[in-house]
Amino acid sequence: MAVLWNRHRFSGGLLVLDTTNTVVLRGDAERSFDRFAERAEIASFAETATIFRATELGGRKLFFDGSEESAGKVRQLREAADGLFRQAVRSGQLDTALFPAVLQGAAICLDGAGEMIGKEGRPFGDPATPLRFEVALGVSAISLLAGHEWRKVRICPHCNWLFVDRSRNGSRVWCDMSICGNRQKARRHYERSKAKEDEDG
Ligand SMILES: [Zn+2]
């Protein structure tokens, strides 16, 4: 079934984190699955990321060429980045043992790209031309690692997604309050009323 790439699926706040979140229910061996198993979904994701990640991308449009080669690069960097940033959230530190996989993944994504990035107002290069998704992913991953924002990455306790907490007091708990926050609330309510029923039983 085709995925609806809505705003919720871009709760990560950065292209690299939204991409790690395309594996659903990580850590749940029975229910976890990869939304990027189908290459058509990678293309839809890249198209929608253009809209929801417009600020990060400096208005640059992303495209995916549809090849298995590019898909492989995307999946490889995605998994390496998830490993590194998830570990960083858990320990509050960066584990250099996890760097090589991310750097290699990014190198593969950026190889031959020949993009000029980082100019004022052009963080991902010239917005007049489209950019390969895997190149943008490489830039996003390296940028998160190189800056200090990795310290603000959190893991949603409901869905296990990674997201960057830009709230003023750093107290954001959910990837998306309207989805995961509410589901958790509903579950707690159910458990409380169930417990009461059992007591009253
Ligand atoms: Zn969540």
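These notes cover the structure that comes with them. (Residues numbered from 1 in each chain as written. Predicted model: local features only at pLDDT ≥ 70, side-chain atom pairs only at ≥ 80, totals over all residues. Heavy atoms only, no water.)

A tally of helices and strands in the protein yields 7 helices and 6 strands. Structurally, the protein occupies a C-alpha span of about 70 × 40 × 30 Å along its principal axes. Within the protein, the fraction of its 201 residues that count as buried is 41%. Across the protein, every contact between residues at least 6 apart in sequence was considered, and the portion connecting residues at least 24 apart equals 63%. (Helix = DSSP H or I, 4+ residues; strand = E, 2+ residues; numbered from the N terminus. Buried < 20%, exposed > 50% of the residue type's maximum accessible area, 1.4 Å probe, protein only. Contact = heavy atoms within 4.5 Å.)

Where a protein is soluble and globular, its nonpolar side chains tend to be buried together. Membership of the largest hydrophobic core comes to 40 residues, with the highest contact counts inside it found for L62 and F133. Among the elements of the structure, α1 (15–20), α2 (39–52), α4 (68–91), α5 (99–110), α6 (133–146) and β6 (162–164) are those that each provide at least two residues to this core. Residues contacting L62, with those up to four places away along its chain left out, are L15, A46, A49, T50, L57, L131, F133 and A136. Membership of the second largest hydrophobic core comes to 7 residues, among which are C156, C159, W161 and F163. (Core = buried A, V, L, I, M, F, W, Y, C linked by side-chain atoms within 4.5 Å.)

The next point concerns the pattern of salt bridges. Applying the stated criterion to the full structure yields 16 salt bridges. Here E115 ties to R60 by a salt bridge, and the two come within 2.8 Å at their closest N and O atoms. Here E115 is found in the loop between α5 and β4 (131–132), whereas its partner R60 is found in the loop between α3 (54–57) and β3 (62–63), with 55 residues between them in sequence. For E115, a relative accessible area of 32% gives the class partly exposed. (Salt bridge = Lys/Arg side-chain N within 4 Å of Asp/Glu carboxyl O.)

Donor atoms from the polypeptide that coordinate the zinc ion comprise C156 (SG), C159 (SG), C175 (SG) and C180 (SG), at 2.3 Å from the metal. Around the zinc ion, the 4 donor atoms are arranged such that angles at the metal cover 106 to 118°; this shape is classified as tetrahedral. Spacing between the donor residues of the zinc ion along the chain follows C-x2-C-x15-C-x4-C. Of this pair, C156 sits in the loop between β5 (153–155) and β6 while C180 sits in helix α7 (residues 177–200), and the two are 24 residues apart along the sequence. Of the two residues, C156 and C180, neither departs from the other in class, the shared state being buried. (Donors = N, O, S within 2.8 Å, 3.2 Å for Na, K, Ca; no water. Tetrahedral: all angles 85-135°; square planar, octahedral: opposite > 155°, others 65-115°.)

As a further point, take the packing of aromatic side chains. If you walk through the whole model with that rule in mind, you get 8 aromatic pairs. In textbook terms, an aromatic cluster arises when at least three aromatic residues are bridged by ring pairs, as seen for W5, F10, F36, F45, F52 and F133. (Phe/Tyr/Trp six-rings, centres within 6.5 Å; stacked < 30°, edge-to-face > 60°.)

Turning next to the environment of A186. Note on placement: A186 falls in helix α7. Of the residues examined, A186 reaches a relative accessible area of 48% and is grouped as partly exposed. Sequence spacing of A186 and P157 is 29 residues, and the spatial spacing of their C-alpha atoms is 14 Å.

Once that is clear, we can look at α4. Spanning 24 residues, α4 covers 35 Å between terminal C-alpha atoms, matching the ideal 34 Å at 1.5 Å per step. Count one or two residues on from α4 and you reach G92, which has phi positive near 75°. (Expected span 1.5 Å × (residues − 1).)

Another point: the packing of α5 against α6. Contact geometry for α5 and α6: axes closest at 8 Å, N-to-C directions at 145°. Both α5 and α6 take part in a crossing whose hand is left-handed. On α6, the residues that touch F99, V102, L103, A106, C109 and L110 of α5 are E134, V135, G138, V139, I142 and L145. A class-by-class count of the residues in the contact of α5 with α6 yields 10 nonpolar, 1 polar and 1 charged. (Axes fitted to C-alpha atoms, helices over the stretch in contact; angles between N-to-C directions. Left-handed = near helix turned anticlockwise from the far one by under 90°. Nonpolar A, V, L, I, M, F, W, Y, C, P; charged D, E, K, R; others polar.)

Further remarks concern the environment of E134. For E134, the location among the structural elements is in helix α6. Along the sequence, E134 and R78 sit 56 residues apart, while their C-alpha atoms lie 9.8 Å from each other. The residues touching E134, leaving out its near neighbours within four places in the chain, are S70, V74 and C109. Of the polar contacts made by the side chain of E134, one reaches the side chain of R132; its length is 3.2 Å. (Polar contact = N/O pair within 3.5 Å; in protein donor to acceptor, adjacent residues only side chain to side chain.)

What follows is about α6. If you check α6, its first and last C-alpha atoms are 20 Å apart, about what 14 residues at 1.5 Å a residue would give, namely 20 Å. The buried fraction of α6 is high, at 11 of 14 residues. Buried residues of α6: F133, E134, V135, A136, L137, G138, V139, S140, A141, L144 and L145, and no others.

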